[in-house]
Amino acid sequence: MKAPPFGYVKARELGQVFDLLEQHGDEAKILAGGQSLIPSLNLRLSRPTLLIDINAIADLQGIRETADTVVVGALTTHVALEKSPIISRHVQLLAAAMPHIAHPAIRNRGTIGGSLAFADPAAELPACATALDATFILRNRDQERRVKASEFFHGLFETDLKPGEILAAIEFPKATTSHRFAFSELARRHGDYAMIGLAAASPQLGMLRLAYFGVADRPVSAERAATHLIRDGAAGVEAACASLADDLESSGDLNAGPQTKLHLAAVLLRRALPALLPSA
Amino acid sequence: MEQHEISVIVNGQKLRRRVSARQHLIDFLRNELSLTGSHLGCEHGVCGACTIQVNGTAVRGCLMLAVQADGAKVETIEGLSDSGAIADLQEAFHQYNALQCGFCTPGMLATAAELVELHPHADREEIRAHISGNYCRCTGYHAIVDAIAFVLETRRNKGGAA
Ligand SMILES: Cc1cc2nc3c(=O)[nH]c(=O)nc-3n(C[C@H](O)[C@H](O)[C@H](O)COP(=O)(O)OP(=O)(O)OC[C@H]3O[C@@H](n4cnc5c(N)ncnc54)[C@H](O)[C@@H]3O)c2cc1C
Ligand code: FES
Ligand code: FES
């Protein structure tokens, strides 16, 4: 199908984006890589009257390092993350996830900001941001606010972004020497959205975040399971797997029912264990 | 319908055109410029038949607007063929029976062209990962992987990609 008619503006700076968002409200949509938005227009699932193309805005580009964080501009493409030496050194979980996101031609245009703002519950990046306890930097005309990943995702395609606000950058803590991480997912075909996946990070001994994706309407942190593993190490794996039922409360989807999802969640956890636990 | 003027280099030729905001790059190339080598399959990013190159990288022609190509360099299968840039890939696809109906082939070649350029040392698994976004309903992929692996090896042996 073809997209319905809409207007198009290539914004040159952020002020112009905020003006247009103010004038057009709900009717306007930000266009980043277009790799989720344009399919939804082509399928006529969405009918904005105006697309605001933000690709030319320099403020939203680039990957920067500070002493203990890495700040990634919203417009950073998947392929730029995949190739970045800063990311492969300091945010290894992201580097490990990248090859699983869609296919090369889509990664050439799709952006991290677009993926996080879109908030597809089966997407890799929202779960990675959750596992890494990333901070989202949101901007409107007057101010900037910082929101933790665990508070950013509200539900299916729903986020903490307010009218007139955009996602400007994402801040990831740099991995320390004791940092451990694991990423794995199950998909029917390489590059497809996952049936289920796990992004896990342990910034230091005694801390562990297990962020599942493809199980509910947003990334889910399996806190009970993590507690078992922190307390008992590899010996806690049976208890951890048993507690996934309470942690995930998966309702199942087109890919698989809740029982299958739960089974697969445990499979992924066992696969991740050696990388996460020093003694496993 | 809202119109925009764009200036774009398509297969080496500089053009100025008016396009409607909602027109996809692939429809612009096929319908306005009669470059019908790139195909339109699913129209939502899944099949890869519309893959072309924009500023040297492979993109989905159905997931980019023509107006977004303003100032860009676009190469379609016609341009890639005429310049000889992928002559060895085309020859290998032929030799290895890597196409039957040919519907997927222009997109497959544009994707493969990026692979041989960027990853001269790719192994079979990496070839498969790279073409994972391009559907082929005829060949079963094996012959396509053979053809690309052959080209990679030949180019490496020529010393072009040390
Ligand atoms: C065939 C196919 C397979 C795919 N497979 C996967 C996959 O396996 N895993 C995966 O994670 N993704 C997958 N994707 C989606 C891809 O990763 C997209 O690139 C990504 O989800 C959206 O990024 P984008 O830059 O293209 O955003 P766009 O499509 O431009 O925008 C998406 C949404 O976010 C909004 N938006 C964009 N940027 C901002 C911003 N800075 N601030 C506020 N709002 C913003 C837009 O208004 C829109 O609503 C796939 C896509 C396709 C077509
Ligand atoms: S037509 Fe563009 S990916 Fe199928
Ligand atoms: S040759 Fe027919 S689809 Fe690939």
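Note that the structure is a prediction, hence the values are computed from the model and not measured.

Novice: Sorry, what's going on with the site of ligand 1 here?
Specialist: Near ligand 1 lie 34 residues; those nearest to it are Ile30, Gln35, Leu37, Thr111 and Glu124 of chain A. Chain contributions to the surroundings of ligand 1 come from chains A and B. Between ligand 1 and Asp192 of chain A, the relevant distance is 3.4 Å, taken from an oxygen atom to a main-chain nitrogen or oxygen of the residue. One of the side-chain nitrogen or oxygen atoms of Tyr193 of chain A is found 3.2 Å away from a nitrogen atom of ligand 1. Taking 970 Å² as the accessible area of ligand 1 by itself, protein coverage stands at 94%. Among the secondary structure elements, those contributing two or more residues to the shell around ligand 1 are strand E2 (28–31), helix H7 (112–118) and strand E10 (166–173) of chain A. Among the elements that make up the shell around ligand 1, the one with the highest residue count is H7 of chain A (four residues).

Novice: When you look at the domain arrangement of chain A in this model, what are you seeing that I'm missing?
Specialist: All names here are of chain A. Splitting chain A by domain gives domain 1 (7–53), domain 2 (60–173) and domain 3 (180–276). Measuring from the centre of the C-alpha atoms in domain 1 to the corresponding centre in domain 2 gives 19 Å. In this complex, domain 1 contributes 12 residues to the contact, which on the side of domain 2 involves 13 residues. Of the roughly 1000 Å² buried between domain 1 and domain 2, counting both surfaces, carbon and sulfur atoms make up 67%.

Novice: It is not clear to me how the interface of chain A and chain B should be interpreted in this structure. Could you clarify?
Specialist: Interface size is commonly expressed as the accessible surface area that is lost when the partners come together. Listed per partner, the contact involves 30 residues of chain A and 30 residues of chain B. Of the roughly 2400 Å² buried where chain A meets chain B, counting both sides, 55% is carbon and sulfur surface. Taken as a group, Lys2, Tyr8 and Arg109 of chain A account for 23% of the area that chain A buries against chain B, more than any other trio of residues on that side. Applying the counting rule to chain A against chain B returns two salt bridges. Glu43 of chain B is paired through a salt bridge with Lys2 of chain A; the nearest N and O atoms lie 2.5 Å apart. Summed over the shared surface of chain A and chain B, the result is 15 residue pairs in polar contact (both at pLDDT 80 or more). For the side of chain A that touches chain B, the secondary structure elements donating two or more residues are strand E1 (7–10), helix H2 (37–42), strand E3 (50–53) and helix H6 (104–107) of chain A. Classifying every residue of the side of chain A that touches chain B by side-chain character gives 15 nonpolar, nine polar and six charged.

Analysis parameters
- Residues numbered from 1 in each chain as written.
- Chains lettered and ligands numbered in written order.
- Predicted model: local features only at pLDDT ≥ 70, side-chain atom pairs only at ≥ 80, totals over all residues.
- Heavy atoms only, no water.
- Near = heavy atom within 4 Å.
- Polar contact = N/O pair within 3.5 Å; in protein donor to acceptor, adjacent residues only side chain to side chain.
- Areas by Shrake-Rupley, 256 points an atom, 1.4 Å probe, with all protein chains shown as cover.
- Helix = DSSP H or I, 4+ residues; strand = E, 2+ residues; numbered from the N terminus.
- Domains from an automatic or database assignment.
- Contact = heavy atoms within 4.5 Å.
- Buried area = accessible area lost by both parts, 1.4 Å probe.
- Salt bridge = Lys/Arg side-chain N within 4 Å of Asp/Glu carboxyl O.
- Nonpolar A, V, L, I, M, F, W, Y, C, P; charged D, E, K, R; others polar.

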